[in-house]
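Inside the fold
The lines below spell out each chain.
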Amino acid sequence: MLSSCSNEDDVAVLGDWNRRSDFEGVARNAVAGFVLNNVAYMGTGTNADNDRLKDFWSYDPARNTWTQLADFGGEARNTAVGFAVGTKGYLGTGLNANSDRLKDFWEFDPTANAWKRIADFGGTARRNAVAFSVGNKGYVGTGFDGNYLKDFWAYDPTKDTWEKTASYGGAKRLGAISFVIDGLAYVGTGNNNGSAEKDWWAYDATKDEWIEKGDFEDDELVQRSYAVGFSIGNKGYVTLGDGSTAVWVYDVATDDWYEQGIFEGSARQYAFGFAINGKGYVTTGSSGSGRFDDIWEYDPTVEQDTDTN
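Here the residue index of a chain counts from 1 through its sequence in written order. With pLDDT at 70 or above as the cut-off, local features in this predicted model cover only qualifying residues; side-chain atom pairs require 80 or more to be listed or tallied, and sums for whole chains, interfaces and linings still use all residues. Only hydrogens and water are set aside; all other atoms, that is, all heavy atoms of the structure, feed into the side-chain values.

Focus on the side chain of E264
Convention followed: A run of DSSP states H or I qualifies as a helix once it reaches four residues; a run of E qualifies as a strand once it reaches two. Both are numbered from the N-terminal end. Note on classification: 1.4 Å probe, protein chains only; a residue is buried when its accessible area is under 20% of the maximum for its type, exposed when over 50%, partly exposed between these limits. All tallies of charge rest on Lys and Arg as positive and Asp and Glu as negative; His and the ends of each chain are not included. We count a salt bridge whenever a side-chain nitrogen from Lys or Arg sits within 4 Å of a carboxyl oxygen from Asp or Glu. Any pair of N or O atoms that falls within 3.5 Å is considered a polar contact. Within protein, one atom must be able to donate a hydrogen and the other to accept it, and sequence-neighbouring residues count only if both atoms are side-chain atoms.
With respect to the helices and strands, E264 occurs in the loop between β24 (256-262) and β25 (272-276). It turns out E264 is buried and unbridged, and the closest side chain with the opposite charge, R19, is 11 Å from it. Side-chain polar atoms of E264 contact the backbone nitrogen of W17, separated by 3.1 Å. In terms of polar contacts, E264 uses its side chain to reach the side chain of Q304, at 3.0 Å.

Here is the structure:
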């Protein structure tokens, strides 16, 4: 079920965005990254000249600072995926400078500031997949290898092995989003042959089972590709992509979506989103041939004020 909060002057809309210190690398889109110990890590992507990149950075929201780290260990690429397990981050797949699809995977140790190649991804080389971590494993699935995909694979860092898991419960797709709430991973949006998908599913890793959730219902609302998704507490948030700048909130308890204000930066696709300590963040991305280097912080508890940025 979908509902929309009124934007009339006498109704408070929760969810305020504030611009923070701009990303210090070159503006880009289609980056990959992960969060470790309340610090976000991101890199790779494509600049305004469509060059693939391999520089890597961290962002500390507590200090509002960016730090350049060791370059990504593999080829420069875009449309890769990343996830974190334990004290390490992982990044792989995507497209290289020749637009070849990739399946190599790399482990990042933030303490040593070093990359190490691990076992190649268990599925086919692909771009625009989706990734998340639950417990002590990382999961990668969907995407495009010349065909649209719905297979999923789990990575076990203790064994350095990939194992095929239950395929995604909905249609094949690329450009989806994911977030994790209370040990369940939620995956949706994306497109198949240019058609935006409206199904929404939860993955229970303990049962290796996909659970169908309520559809988005209205095509023009939550449905989109190349969007941003993150979770705060028991709610998920989706915005941007090839949909609107509206912020949509998923309530796990009711299996419902509702609108909660708008993203206050420029509309964009292929941005990078994450959440740390009760706040969401959106950075980089593209609009047409343009690339972004701004970062925005979202506080779902504060009344939106669109005049402050």
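The rest of the description comes next.
Section: the environment of W17
Applicable threshold: Two residues qualify as a contact provided that any one of their heavy atoms is within 4.5 Å of a heavy atom in the partner residue.
Here W17 shows up in strand β2 (residues 14-19). Accessibility expressed as a relative area gives 0% for W17, which makes it buried. Residues W17 and F34, 17 residues apart in the sequence, show an inter-C-alpha distance of 21 Å. Those residues in contact with W17, other than ones at most four positions away along the chain, are F230, V247, I262, F263, E264, V282, W296, E297, Y298, Q304, T308 and N309.

Here we look at the pattern of salt bridges
Taken as a whole, this structure holds 12 salt bridges when the rule is applied. A salt bridge links D60 to R63; its shortest N-O distance comes to 3.3 Å. A relative accessible area of 17% places D60 in the buried class. Note that D199 and R173 form a salt bridge whose closest N and O atoms lie 2.6 Å from each other. One end of the pair, D199, is in the loop between β18 (195-196) and β19 (200-204); the other, R173, is in the loop between β14 (161-165) and β15 (177-181), and 26 residues separate them in sequence. Given the relative accessible area of 11%, D199 is considered buried.

Brief notes about the pairing of β15
This is how it is decided: At least two DSSP bridges between two strands are needed for those strands to be called paired.
Most of β15 is tucked away: four of the five residues are buried. In this structure, β15 lies alongside strand β16 (residues 184-188), joined through five bridges in antiparallel fashion. Residue S178 lies in a different strand from β16, and its bridge partner there is V187. As consecutive antiparallel partners, β15 and β16 are separated by two residues, and within that stretch D182 has a phi angle of approximately 50°, a positive value.

Looking at the layout of surface pockets
Note the following rule: Here a cavity is any set of points on a 1 Å grid over the protein atoms alone where a 1.4 Å probe fits but cannot get out, and a pocket is any open set with protein on both sides within 12 Å along at least 5 of 7 lines; a residue lines the site when it has an atom within 4 Å of a point. Grid points are joined across faces, edges and corners, and a volume is the space filled by probe spheres set on the points. Asp, Glu, Lys and Arg are counted as charged, while Ala, Val, Leu, Ile, Met, Phe, Trp, Tyr, Cys and Pro are counted as nonpolar; the rest, among them Gly, fall into the polar class.
Considering only enclosed or pocket space, the largest pocket measures out at about 1100 Å³ in volume. Lining of the largest pocket is provided by 38 residues; of these, G82, A131, S178, G229 and G273 occupy positions nearest its centre. If you list the elements that add at least two residues to the lining of the largest pocket, you get β3 (32-36), β7 (81-85), β11 (130-134), β15, β21 (228-232) and β25. Looking at the lining of the largest pocket element by element, the count peaks at five residues for β21. Here the residues of the lining of the largest pocket sort into 27 nonpolar, 11 polar and no charged.

A short note on the packing of aromatic side chains
The test is simple: Here a pair means two rings of Phe, Tyr or Trp (six-membered ring of Trp) with centres within 6.5 Å. Their orientation is stacked below 30 degrees between planes, edge-to-face above 60, and tilted elsewhere. By the criterion adopted, a ring carries a charge over it if an Arg CZ or a Lys NZ lies within 6 Å of its centre and within 35 degrees of its normal.
Applying the stated criterion across every chain yields a total of 44 aromatic pairs. Summarising the aromatic geometry, the rings of F83 and F105 are spaced 5.8 Å apart at their centres and angled 35° between planes, so their arrangement reads as tilted. Of this pair, F83 sits in strand β7 while F105 sits in strand β9 (residues 105-109); the two residues are 22 residues apart in sequence, bridging distant segments of the chain. Considered together, F83 and F105 belong to a single accessibility category, that of buried residues. Taken together, a centroid distance of 5.0 Å and an interplanar angle of 80° make the contact between Y168 and W210 edge-to-face. Of the two residues, Y168 sits in the loop between β14 and β15 while W210 sits in strand β20 (residues 209-212), which places them 42 residues apart along the sequence. The buried category is assigned to Y168, whose relative accessible area is 1%. The structure contains a cluster of three or more aromatic residues connected by ring pairs, namely F23, W57, Y59, W66, F272, F274 and Y281. Above the face of the F292 ring, R268 is positioned so that its terminal group lies 4.0 Å from the ring centre.

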